[in-house]
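Each chain, written out:
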Amino acid sequence: MENETQKKVMLSGIQPSGELHLGNYLGPLQHWPAMIEAYDCYFFLADLHTITVRQDPAVLRRRTLNLLASYIACGLDPEKCVLFVQSHVPAHSQLAWVLDCYTMFGELSRMTQFKDKSARNADNINAGLFTYPALMAADILLYQADFVPVGEDQKQHVEICRDVASRFNNIYGEIFKLPEPYIAKVGARIMSLSAPESKMSKSMPEGCVFLLEKPEDILRKFKRAVTDSDNERCVRYAPREKPGVSNLIQIYAAATGNTYEDVEREFDGKGYGVFKPAVGEAVVEILRPIREETERLLADKAYLESVYRAGAERAAAVANKTLRKVYKKVGFLAP
Ligand code: TRP
C-alpha cells in the first residue's frame with residue numbers, strides 16, 4: 001500500500017535503556033526535526049528489545065516516559081511524525097513470531113551483536129537475545145519502511161531484515177518492501193570528555209554530558225575535560241595530536257554554529273582555562289531549553305499519554321494491514 005503523501009517512509013527504534021547525552025544530540029538527533037519534514041517518519045521506543053537484558057521494571061517505565069518527553073523536546077513534533085511505544089502495538093510481537101519461522105539458526109548465530117552481548121551477559125543468554133533480529137525485522141517490515149537510519153552497530157541487523165524479507169517475498173509474492181540503511185551525511189562524532197579516544201557513551205559517565213544534567217554538573221565536567229599533554233597549550237584543531245582539544249572545538253562549533261577556524265580565532269592566545277569553561281557555558285545554553293521543555297512535558301502526564309496513545313493508534317492502523325496480509329499468505333484462517 002502506498003501512503004497518501006507519497007513521501008518515503010523512514011523508521012527508527014530507540015531502546016529506552018539509557019539516557020540521552022550530548023553525543024546523541026549533536027550527532028543524529030539534532031537533524032531529526034528536518035527529517036520529519038522530508039519523510040513519513042515512525043519513531044518508537046523499543047521496550048520489547050530492552051528486556052533481552054534484565055531491566056528494573058520501575059526504571060524501564062520511567063526511562064520510556066523520559067525518553068518520549070526528551071524526543072518531543074528535541075523537536076520531534078508528534079503531529080508531524082508517528083511517535084509510539086513498541087509494546088503498545090501488538091503487531092510487532094505477532095509478526096516477530098512469524099518471522100522467527102523464516103529466520104535461520106545459522107544466520108542468527110553469525111550476528112556480531114549476539115556474540116558480543118552473550119559474552120557480556122554469560123548468565124543470561126536467553127532466546128530473545130538470539131531472535132532479537134527477527135523482532136527488529138518485524139518492526140521495520142510492518143511499516144514498509146524505505147529507510148532505517150542506523151549506526152555501524154545496527155547495519156548487520158538491517159541486512160538480515162532484507163534477507164528474511166526477500167526469503168518471504170520469494171515464497172509468497174511482494175509482501176514486504178526491502179529497507180535501505182540510511183547513513184546520515186551530517187552529524188558530529190562527539191568523543192568522551194575524560195577519554196577523547198573513545199566515543200561519548202553513557203557507560204563512561206565522567207566523560208559524558210547527559211541531556212537533562214544540571215548546569216553546574218555540566219560545567220564541572222567541562223572544566224575537568226582532558227586536553228592534551230603537549231606543551232603548546234593552544235586551541236588548535238588537530239584530531240590526531242590533540243584529540244581532547246579538537247573534541248572541545250567540535251562541540252563548541254556545533255553548539256554555537258561556528259566553524260573550527262572561527263573557534264580557533266576566538267580563543268587565539270587564550271589558554272585552556274578560558275576555553276574549557278566557555279565550551280561548558282555554550283553547551284549549558286543549548287541544552288537549557290531542551291531540559292526545561294522535557295521537565296515541563298514530564299509534569300504533564302496527561303499530554304504524554306495522549307501522545308503515545310494517538311501514536312500507537314496510527315502505528316497499529318498501518319502495522320495491522322501488513323500483519324493481516326502476512327497471516328493470510330501463510331495460511332492462517334481469518335478470525
Ligand atoms: N536494535 C536497535 C538498537 O539497539 C533498536 C531498534 C529496534 C531498531 N528496532 C529497530 C532500530 C528498528 C531501527 C529499526 O539500537
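Note: the structure precedes this text.
All values reported here derive from a predicted model rather than from experimental measurement.

Caption draft 1: A look at the packing of helix α7 (residues 112-120) against helix α8 (residues 127-141). Running from amino to carboxyl end, α7 crosses α8 at an angle of 160°, the nearest separation of the two axes being 10 Å. Considering their axes alone, α7 and α8 lie roughly antiparallel with respect to each other. Remark: the crossing between α7 and α8 carries right-handed chirality. On α8, the residues that touch Gln-113, Phe-114, Lys-117 and Ser-118 of α7 are Leu-129, Phe-130 and Tyr-132.

Caption draft 2: Layout of the site of the ligand. Residues in contact with the ligand, as listed here, are Leu-11, Gly-13, Gln-15, Phe-44, Ala-46, His-49, Tyr-132, Met-136, Asp-139, Ile-140, Val-148 and Gln-154. At 2.6 Å, a side-chain N or O of Asp-139 approaches a nitrogen atom of the ligand. The set of elements that each furnish at least two residues to the shell around the ligand consists of β1 (9-14) and α8. In terms of residue count, α8 provides more of the shell around the ligand than any other element does, 4 residues in total. Looking at the shell around the ligand residue by residue, the class counts come to 7 nonpolar, 4 polar and 1 charged.

Caption draft 3: Expanded view of the side chain of Arg-291. Positionally, Arg-291 belongs in helix α13 (residues 272-298). Notably, Arg-291 is buried but unbridged: the nearest opposite-charge side chain belongs to Glu-295, and the N-O separation is 4.2 Å. Not counting residues within four places of it along the chain, the set of residues in contact with Arg-291 comprises Leu-211, Leu-212, Glu-213 and Pro-215.

Caption draft 4: Layout of the pattern of salt bridges. By the definition in use, this model includes 12 salt bridges. Of the charged contacts in the structure, one is a salt bridge between Arg-236 and Glu-241, with a shortest N-O distance of 3.2 Å. A relative accessible area of 29% places Arg-236 in the partly exposed class. A salt bridge links Arg-265 to Asp-262; the shortest N-O distance between them is 3.6 Å. Note that Arg-265 and Asp-262 are positioned in helix α12 (residues 260-266) at a spacing of 3 residues, about one turn of the helix. Classification of Asp-262 as partly exposed rests on a relative accessible area of 28%. Taken together, the shared-partner salt bridges in this structure form one network comprising Lys-214, Asp-217 and Arg-220.

Caption draft 5: Spatial organisation of the packing of aromatic side chains. Applying the stated criterion to the full structure yields 19 aromatic pairs. Seen from their ring centres, Tyr-252 and Phe-267 are 5.3 Å apart, and the 80° between their planes marks the pair as edge-to-face. Taken as a pair, Tyr-252 in helix α11 (residues 243-256) and Phe-267 in the loop between α12 and α13 lie far apart in primary sequence, 15 residues in all. Taken together, Tyr-42, Phe-44, Phe-84 and Tyr-143 form an aromatic cluster joined through their ring pairs.

Caption draft 6: Summary view of the environment of Gly-18. Mapped onto the secondary structure, Gly-18 falls in the loop between β1 and α1 (22-26). Gly-18 sits 239 residues away from Gly-257 along the chain, and the two C-alpha atoms are 28 Å apart. Setting aside residues up to four positions removed in sequence, Gly-18 forms contacts with Arg-63, Leu-67 and Lys-202.

How each quantity is defined
- Residues numbered from 1 in each chain as written.
- Predicted model: local features only at pLDDT ≥ 70, side-chain atom pairs only at ≥ 80, totals over all residues.
- Heavy atoms only, no water.
- Axes fitted to C-alpha atoms, helices over the stretch in contact; angles between N-to-C directions.
- Helix = DSSP H or I, 4+ residues; strand = E, 2+ residues; numbered from the N terminus.
- Parallel < 35°, antiparallel > 145°, perpendicular 65-115°, else oblique.
- Left-handed = near helix turned anticlockwise from the far one by under 90°.
- Contact = heavy atoms within 4.5 Å.
- Near = heavy atom within 4 Å.
- Polar contact = N/O pair within 3.5 Å; in protein donor to acceptor, adjacent residues only side chain to side chain.
- Nonpolar A, V, L, I, M, F, W, Y, C, P; charged D, E, K, R; others polar.
- Buried < 20%, exposed > 50% of the residue type's maximum accessible area, 1.4 Å probe, protein only.
- Lys, Arg positive; Asp, Glu negative; His and termini not counted.
- Salt bridge = Lys/Arg side-chain N within 4 Å of Asp/Glu carboxyl O.
- Phe/Tyr/Trp six-rings, centres within 6.5 Å; stacked < 30°, edge-to-face > 60°.

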